[in-house]
Amino acid sequence: MAPKQRAPCYVLGVGMTKFIKPRGKVDYTELGFEAGVKAMLDAQVFYQFGMTQIPIYNVNNNCSTGSTGLNLGRTMIAGGMADAVLVVGFEKMFPGSLQSFFNDRANPTGTTAEMMKATRGITSAPGAAQMFGNAGREYMEKYGAKAEDFAEIARVNHEHSKRNPYSQFQQEYTLEEVMNAPMIHAPLTKLQCCPTSDGGAAAVLVSQDFLDARPHLKEQAVLIAGQQLSTDAASLFSRSSIDLMGYEMTKTAAKAALKEAGVTIAEVKVCELHDCFSANEMIVIDALELSEHGKAHEMVRKGDITYGGKMVINPSGGLISKGHPLGASGIAQCAELVWHLRGWANQRLVEGTTAALQHNLGLGGAVVVTVYKRADGKACTPVSNEEVGRRNGLGYNPAVEAKGFTKAQVDRVRSKTARSEWALQDTEQKVEARF
């Protein structure tokens, strides 16, 4: 049976916190509150944040949690079950590499680790770095990529992050500095590995009816033109280190999302993809067919992943430099692409973009690939910061300036009938104190 036509779903509002080092200074309640308030202010959806007794779903899909939430919200709107959905993602992490805290049950990536042990062995390096580093090694063995190619990916992402006010790191490095950083698991040096981070991001999704009732907001609405959540295929255990990192599910999800959107990969000029390690960006470029198969490293060498090249990958700085608070990453990718399609991402804008692609991966395993278009179908053009501030009523452009909010602005998005001052007394004050 052919799939039914889905009703349109739009991203009307986005908001996020700065991504910061996990030092225990900001709790997850503050991160979620700040992101949610900013998204609703952006969407100009007021008087909804509170204890309103609406359904709330908790989602956990490892590193693809945020985009899985977006997929769930879109499914509800496309199925006629809701007209407006708020998706909030956040994470408060421990410093250092990812850890497992449960010793009384199987790890979701346990079978993946067992396959790695059987094929490449185990070292003392962090487990995720070994898994993705091994995929990089296989790409070198099969297709001729070199260590410099992986380092160049990281160099580019660090350079991009200079223009993103929300990035955890905003320092530019030379190729030599990336390559000479401490080795984690060859070919991956420290500057090619995403950091652990604290952060939050949120998005307001709405239906066609909701948007039609507010025609003045159509210029900022971005259509989820195609989207696919896919899980692991049997090829995961083919004994290939590339397959072990979900290569086939990425390929499957991308094809489905692009087909639904009616977009060819050649039309995509800006992409946010899951670069938890530079090696993963390399194999994902291949899986998404942004390059010819086996030639992702050639695309990197030509400068075709940055400004002035074929396309721009991770203009936000990606996970490598922006940071990777697991539950927030997928929604932060969404926010970045929404700002591009609106024409708001001025100092890092990819002008003329008609379609943007998002890829968010979680081992264990699930991947979400999403294609976005402007609601009016046009290509993006720059909108001045002053004009953005006038349109959104905030007086500034949130795509290029990370700010907090006033108590009066918070009051605009809080429910008038289902609020609790006691519940928010500490959270609201702490968020205000950070700005």
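Structure's up top.
The sections below set out a description of the structure shown in this document. Because the structure is predicted, anything quoted here is derived from the model rather than measured.

1. Notes on the pattern of salt bridges
Step number 1: Under the definition given, this model contains 26 salt bridges.
Step number 2: Among the ionic pairs, Glu159 bridges to Lys162, the shortest N-O distance being 3.6 Å.
Step number 3: Connected via shared salt-bridge partners are Asp411, Arg414, Lys416, Arg419 and Glu421.

2. Brief notes about the packing of aromatic side chains
Step number 1: If you walk through the whole model with that rule in mind, you get six aromatic pairs.
Step number 2: Taken together, a centroid distance of 6.0 Å and an interplanar angle of 5° make the contact between Phe33 and Phe49 stacked. Linking Phe33 in helix H1 (residues 28-43) with Phe49 in the loop between H1 and helix H2 (65-78), this pair joins segments that are 16 residues apart in sequence.
Step number 3: Residue Phe49 is classed as partly exposed on the basis of its relative accessible area of 21%.
Step number 4: With 4.6 Å between their ring centres and 55° between their planes, Tyr139 and Tyr143 make a pair best called tilted. Placement of both Tyr139 and Tyr143 in helix H4 (residues 127-143) is noted, with a separation of four residues, approximately one turn of the helix.

3. As for the pairing of strand S9 (residues 355-362)
Step number 1: Judged by how many residues are buried, S9 sits mostly within the fold: eight of eight residues are covered.
Step number 2: Here S9 shows two buried faces, one formed by Ala355, Leu357, His359 and Leu361 and the other by Ala356, Gln358, Asn360 and Gly362.
Step number 3: Relative to S9, strand S7 (residues 270-272) runs parallel, the two being bridged by three bridges. Paired with Cys271 across the strands is Leu357, a residue of S9.
Step number 4: Sheet analysis places S9 next to strand S10 (residues 366-374), joined by eight bridges and oriented antiparallel. Paired with Ala355 across the two strands is Lys373, which belongs to S10.
Step number 5: From the end of S9 to the start of S10, which pair antiparallel, there are three residues, and Gly364 there has a positive phi angle of about 125°.

4. Some points on the pairing of strand S6 (residues 222-231)
Step number 1: Along S6, seven of the 10 residues are buried, which leaves the element largely enclosed by surrounding structure.
Step number 2: Bridge analysis of S6 against S10 gives nine bridges, and the strand direction is antiparallel. The residue of S10 that forms the bridge with Leu229 is Val368.

5. A look at unusual backbone geometry
Step number 1: Note the cis peptide between Ala186 and Pro187, where omega equals 10°.
Step number 2: Mapping Pro187 onto the fold places it in the loop between strand S3 (183-185) and strand S4 (188-189).
Step number 3: With an omega of -5°, the peptide bond between Gly364 and Gly365 qualifies as cis.
Step number 4: Position of Gly365 relative to the elements: it lies in the loop between S9 and S10.
Step number 5: Backbone geometry at Glu289 places phi at a positive 65°, although glycine is not the residue there.
Step number 6: Here Glu289 is to be found in the loop between helix H9 (278-287) and helix H10 (296-301).

The rules behind these values
Residues numbered from 1 in each chain as written. Predicted model: local features only at pLDDT ≥ 70, side-chain atom pairs only at ≥ 80, totals over all residues. Heavy atoms only, no water. Salt bridge = Lys/Arg side-chain N within 4 Å of Asp/Glu carboxyl O. Phe/Tyr/Trp six-rings, centres within 6.5 Å; stacked < 30°, edge-to-face > 60°. Helix = DSSP H or I, 4+ residues; strand = E, 2+ residues; numbered from the N terminus. Buried < 20%, exposed > 50% of the residue type's maximum accessible area, 1.4 Å probe, protein only. Pairing = 2+ DSSP bridges.

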